Amino acid sequence: MKASPANALVSLDAKKYSATSRFSGTKFIQNLLPKEYTLEIAKAGFISWKKKIKIEEQKTSEFKDIILIPQTPKDTLIAESVETFFTNENGGLLVALIRIPPSGDLTFIRINLANPQGSDSFTFRGGLHGALSNPITIDDATLEDKILIHSVSPQNKISYFLVNFESMNIEPIPIKAHGTVHKILFHPQNQNFLIAHIKNTLWIVKTSDYSFTPLKEGVAFFTIRNAQGFLVEKDTNTIIGFSIENPNETRERTLTIAKERIFFQRNLPAPYLDGKFD
């Protein structure tokens, strides 16, 4: 099952199980007797979700897109004069960027959407200098204390930065691999590593020294969903789902599109992979 927000309590016929994943919102329960159950998903501050379900013998039942509604929905002003914002995969974390005139100082705000009053922020002085003076996009954010951003100059030069809430600092990411940078995301299990798509290669990047280790070549597009990596091979248009629990190891499973092949055209967005294989 998968529920949003993440880290929700799960019970079957009032028997409590461990909560859904705090990262992906998923939960897997096995060894159930085949019969009808009452499935309940609950989280403080939200209306509980209940449904009668039927478990059949030797079959896997899937319940996804479970969304818990806040108990007292209302309009809440979170921030004003926002230049850009980002929400993580589960919709539980929002990061907003405010550029303060006339100094150009950058204020980053992290907001727990389940409790908007519990937000934190820090201001970086010197937003008018260098690449940070250009328009900024937030690419990714962890539940802990790090944010990935990039800026684009009038000459279309892209610069990547790592924002650290703990040290209240912004440091440039040196691109040591050669080629066009398509995307950089945090490693889903370890925020001390990044996954970078540069030219046609995926790289594992260690943030302590920004060392680059090649992960896979011949990549046309990649994304991360539900703590899993997905990519499309450049030459075969084959979708590959791979585990990246360990930065130095991958396990791949390949699914070739039978009825329709994916083709990439210049200046058109790449297909969006949502983490499901049918």
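Residues numbered from 1 in each chain as written. Predicted model: local features only at pLDDT ≥ 70, side-chain atom pairs only at ≥ 80, totals over all residues. Heavy atoms only, no water.

Undergrad: Explain the pairing of strand 19 (residues 219-225) to me, please; I cannot follow it from the model alone.
TA: Residues in a regular strand point their side chains to alternate faces of the sheet. In terms of burial, strand 19 is largely enclosed, as six of its seven residues are buried. Where strand 19 lies against strand 20 (residues 228-233), six bridges are found, and the strand directions are antiparallel. Counted as the bridge partner of Thr223 is Phe230 from strand 20. (Buried < 20%, exposed > 50% of the residue type's maximum accessible area, 1.4 Å probe, protein only. Helix = DSSP H or I, 4+ residues; strand = E, 2+ residues; numbered from the N terminus. Pairing = 2+ DSSP bridges.)

Undergrad: Sorry, what's going on with the packing of aromatic side chains here?
TA: Scanning the model with the defined rule gives three aromatic pairs in all. On the basis of an interplanar angle of 25° and a centroid distance of 5.9 Å, the ring pair of Phe108 and Phe122 is categorised as stacked. Of this pair, Phe108 sits in strand 9 (residues 105-112) while Phe122 sits in strand 10 (residues 120-124); the two residues are 14 residues apart in sequence, bridging distant segments of the chain. Aromatic side chains Trp203 and Phe212 sit 6.1 Å apart centroid to centroid with 70° between the ring planes, which places their arrangement in the edge-to-face category. Phe212 matches Trp203 in its accessibility class, with the two residues each being buried. (Phe/Tyr/Trp six-rings, centres within 6.5 Å; stacked < 30°, edge-to-face > 60°.)

Undergrad: I would appreciate a short explanation of the environment of Phe86 in the present structure.
TA: Tracing the backbone shows Phe86 in strand 7 (residues 82-87). Judged by its relative accessible area of 16%, Phe86 is buried. Measuring from C-alpha to C-alpha, the distance between Phe86 and Ile147 comes to 9.9 Å, with 61 residues separating the pair along the chain. Contact partners of Phe86, with chain neighbours within four places excluded, come to Leu93, Leu94, Val95, Ile138, Asp139, Asp140 and Ala141. (Contact = heavy atoms within 4.5 Å.)

Undergrad: What should I look at first to understand the nonpolar core in this one?
TA: As a rule of thumb, nonpolar side chains are buried together in soluble globular proteins. Counting residues in each nonpolar core, the largest one holds 18 residues, and the members touching the most others are Leu106, Phe108, Leu132, Ile147, Ile149 and Ile170. Put simply, the parts of the chain that give this core at least two residues each are strand 8 (93-100), strand 9, strand 10, strand 11 (136-141), strand 12 (146-152) and strand 13 (158-164). (Core = buried A, V, L, I, M, F, W, Y, C linked by side-chain atoms within 4.5 Å.)

Undergrad: I tried to follow the pattern of salt bridges on my own but got confused; where do I start?
TA: Two side chains bearing opposite charge may form a pair once their charged atoms approach each other closely. Per the stated rule, a full pass over the model turns up four salt bridges. Between Lys59 and Glu56 there is a salt bridge, with the nearest N and O atoms lying 3.4 Å from each other. Given the relative accessible area of 40%, Glu56 is considered partly exposed. As a salt-bridge pair, Arg110 and Asp120 come within 2.8 Å of each other at their nearest N and O atoms. Of this pair, Arg110 sits in strand 9 while Asp120 sits in strand 10, and the two are 10 residues apart along the sequence. (Salt bridge = Lys/Arg side-chain N within 4 Å of Asp/Glu carboxyl O.)

Undergrad: Is there a simple way to think about the side chain of Lys146 in this case?
TA: By the element assignment, Lys146 lies in strand 12. One buried charged residue, Lys146, forms no salt bridge at all, with the nearest opposite charge on Asp145 at 5.2 Å. Of the polar contacts made by the side chain of Lys146, one reaches the side chain of Asn192; its length is 3.2 Å. Excluding anything up to four places from it in sequence, Lys146 contacts Ala141, Leu162, Val163, Asn164, Phe186, Gln191, Asn192 and Thr207. (Lys, Arg positive; Asp, Glu negative; His and termini not counted. Polar contact = N/O pair within 3.5 Å; in protein donor to acceptor, adjacent residues only side chain to side chain.)

Undergrad: Quick question: what am I supposed to make of the environment of Val82 here?
TA: Assignment of secondary structure puts Val82 in strand 7. C-alpha separation for the pair Val82 and Ile109, spaced 27 residues apart in sequence, amounts to 9.9 Å.

Undergrad: I tried to follow the sheet that holds strand 4 (residues 36-42) on my own but got confused; where do I start?
TA: Strand pairing in a sheet takes place through backbone hydrogen bonds and is either antiparallel or parallel in direction. If you walk across this open sheet you meet the four strands as 3-2-4-5, and the pairing is antiparallel. Unpaired on one side and paired on the other, strand 3 (15-17) and strand 5 (49-54) mark the two borders of the sheet. Recorded for the sheet is a direction-independent mean angle of 25° between the axes of neighbouring strands. Looking at chain direction, strand 4 and strand 5 are connected through six bridges and run antiparallel. (Axes fitted to C-alpha atoms, helices over the stretch in contact; angles between N-to-C directions.)

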